[in-house]
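Residues per chain are reported as follows:
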Amino acid sequence: MNVPFLDLGAATAELSADLDAAYRRVSRSGRYLLGPELEAFEAEFAAYCGATHCVAVGTGCDALALSLRANGIGAGDEVIVPGNTFVGTWLAVTAAGARPVPVEPDESTYNLDPARIEAAVTPRTRAIMPVHLYGHPADLDAIAAVAARYRLTVIEDAAQAHGARYHGRPVGSGPAAAAFSFYPGKNLGALGDGGAVVTGDADLADRVRLLRNYGSRVKYQHEIAGTNSRLDELQAAILRAKLAHLSAWNARRAAVADRYLTELADLADALVLPEVAPWAVPSWHLFVVRSRRREELQRELADAGIQTLIHYPVPAHLSPAYAHLDLPAGSLPISEALAGEVLSLPIGPHLSDTAVSAVVSAVREIAAQTHQRGVRVH
Ligand SMILES: Cc1ncc(COP(=O)(O)O)c(C=O)c1O
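All figures in this text were calculated on a predicted structure; none of them were measured in a lab. (Residues numbered from 1 in each chain as written. Predicted model: local features only at pLDDT ≥ 70, side-chain atom pairs only at ≥ 80, totals over all residues. Heavy atoms only, no water.)

1. Considerations on the site of the ligand
Then, in step 1: Taken together, 14 residues form the shell around the ligand, and within it G60, C61, D157, S181 and K186 come nearest.
Then, in step 2: Within the backbone of C61, an N or O atom sits 2.8 Å from an oxygen atom of the ligand.
Then, in step 3: With respect to the ligand, the side chain of D157 contributes an N or O atom lying 2.7 Å from a nitrogen atom.
Then, in step 4: Protein chains bury 92% of the 380 Å² of accessible surface belonging to the ligand in isolation.
Then, in step 5: Per-class residue counts for the shell around the ligand are five nonpolar, seven polar and two charged. (Near = heavy atom within 4 Å. Polar contact = N/O pair within 3.5 Å; in protein donor to acceptor, adjacent residues only side chain to side chain. Areas by Shrake-Rupley, 256 points an atom, 1.4 Å probe, with all protein chains shown as cover. Nonpolar A, V, L, I, M, F, W, Y, C, P; charged D, E, K, R; others polar.)

Here it is, written out as structure tokens:
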């Protein structure tokens, strides 16, 4: 059986009538930007996150960068970021004009380790940007405690965490700004790019709103040097249709994750499975295992028809884009080890039970053969 990593077309097929209706509604409305669909989506997504404000923008990267700019963070400032994340987290800091300063993750949750943040704080540090990586919430209370000690702003990168919960609270419902991505493969994905800032801070929301629209409230009057980054009416209408299914889709992801966790639990010699912290209800954007023989595992799974991906193979500090930071190989050993070992198994709201069984038996078979050859894999 062939199991694709993620079947994006399945969500579109499930909702085809709703998506067609969304298209018809917008195309006939004559309003394509900053209209009623955007307004309605912002209200609905804020409510979903348990937040009071949502400002939807062009991309997740923009949501992060505009959150920084709205806090007055830019040239000469430093922002603490995880060493292991999608490079977009770092690029948003760079786009705002600030410098990303990496901190190693906690080895069990792969999230920013609060205990290591303090050592990275300098007089230039202005913000901490935890990432709810793979949909597992970072330890926000511990991070907020460090932030309070040094008067730093917290901006959450929630690009992978729509619907995740921290101590029972939805990600995005806290006092900090949380930035979401609606890239098509996300738990809530547009049919193109999109992003949003969710916050309880009315002033911050107002500044992001200003920044996303040329720094203008009234046409041709520009209060600040903003940019053009607005979620368009069509994507907003599509996201409204999909938002109605997000809780059910996340529940299906959790069921898939539960099966992997249960049915692969005895393979401790072959795989490190994801750990869920006591405070966390993950959104299970990704189901990431670790193996020291990751390349072989990926190849053997591919031979069995199972598509896997690597999130992420090159840590940001080792990519040419960040050569100027002068952080050579070896400077972030945990992030670098993760980049060499992580492998994402197929997960998604439309993955069938048969497909999950196929993944489980392929992984089990490969682990058994490896065991017979006497190879320890982690
Ligand atoms: C952790 C993380 N941060 C930032 C981004 C950037 O979001 P976007 O692609 O919508 O700009 C993404 C996703 O792509 C992401 O996964």
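2. Some points on the pairing of strand β2 (residues 78–82)
Then, in step 1: The buried fraction of β2 is high, at five of five residues.
Then, in step 2: Going residue by residue along β2, you find E78, I80 and P82 tucked away on one face and V79 and V81 tucked away on the opposite face as well.
Then, in step 3: With five bridges joining them, β2 and strand β3 (residues 99–103) adopt parallel strand pairing. Bridge assignment links E78 to a residue of β3, and that residue is R99.
Then, in step 4: The parallel pair β2 and β3, bridged by helix α5 (residues 87–95), forms a crossover whose chirality is right-handed.
Then, in step 5: In this sheet, strand β4 (residues 125–128) lies alongside β2 in parallel orientation, the contact comprising three bridges. What sits directly across from V79, in β4, is A127. (Buried < 20%, exposed > 50% of the residue type's maximum accessible area, 1.4 Å probe, protein only. Helix = DSSP H or I, 4+ residues; strand = E, 2+ residues; numbered from the N terminus. Pairing = 2+ DSSP bridges. Right-handed = clockwise from strand over helix to strand, strands pointing away.)

3. Here's the deal with the sheet that holds strand β8 (residues 177–181)
Then, in step 1: In spatial order, the strands read β1-β9-β8-β5-β4-β2-β3; together these seven strands make up an open sheet with mixed pairing. At either margin of the open sheet sits one strand with a lone partner, and together these are β1 (53–57) and β3. Across this sheet, the average inter-strand angle for adjacent strands is 30 degrees, counted without regard to direction.
Then, in step 2: Where β4 and strand β5 (residues 153–157) come together, two bridges link them in parallel fashion. Note on β5: the bridge partner recorded for I128 is V154.
Then, in step 3: Here helix α8 (residues 202–212) sits on the sheet in contact with β1, β8 and β9 (195–199), set at roughly 15 degrees to β1. (Axes fitted to C-alpha atoms, helices over the stretch in contact; angles between N-to-C directions. Contact = heavy atoms within 4.5 Å.)

4. As for the packing of helix α4 (residues 60–70) against α8
Then, in step 1: Contact geometry for α4 and α8: axes closest at 9 Å, N-to-C directions at 115 degrees. Note on packing geometry: the crossing formed by α4 with α8 is right-handed. Contact with α4, carried on its side by L66, S67, R69 and A70, involves L204, R207, V208, L211 and R212 of α8 and no other residues of that element.
Then, in step 2: By residue class, the composition of the contact of α4 with α8 is five nonpolar, one polar and three charged. (Left-handed = near helix turned anticlockwise from the far one by under 90°.)

5. Notes on the pattern of salt bridges
Two side chains bearing opposite charge may form a pair once their charged atoms approach each other closely.
Then, in step 1: With the rule as written, the count across this model stands at 19 salt bridges.
Then, in step 2: Across the salt bridge formed by R126 and D77, the nearest N and O atoms sit 3.3 Å from each other. Taken together, the positions of R126 in strand β4 and D77 in the loop between α4 and β2 put the pair 49 residues apart, joining distant regions of the chain.
Then, in step 3: With a relative accessible area of 30%, R126 lands in the partly exposed category. (Salt bridge = Lys/Arg side-chain N within 4 Å of Asp/Glu carboxyl O.)

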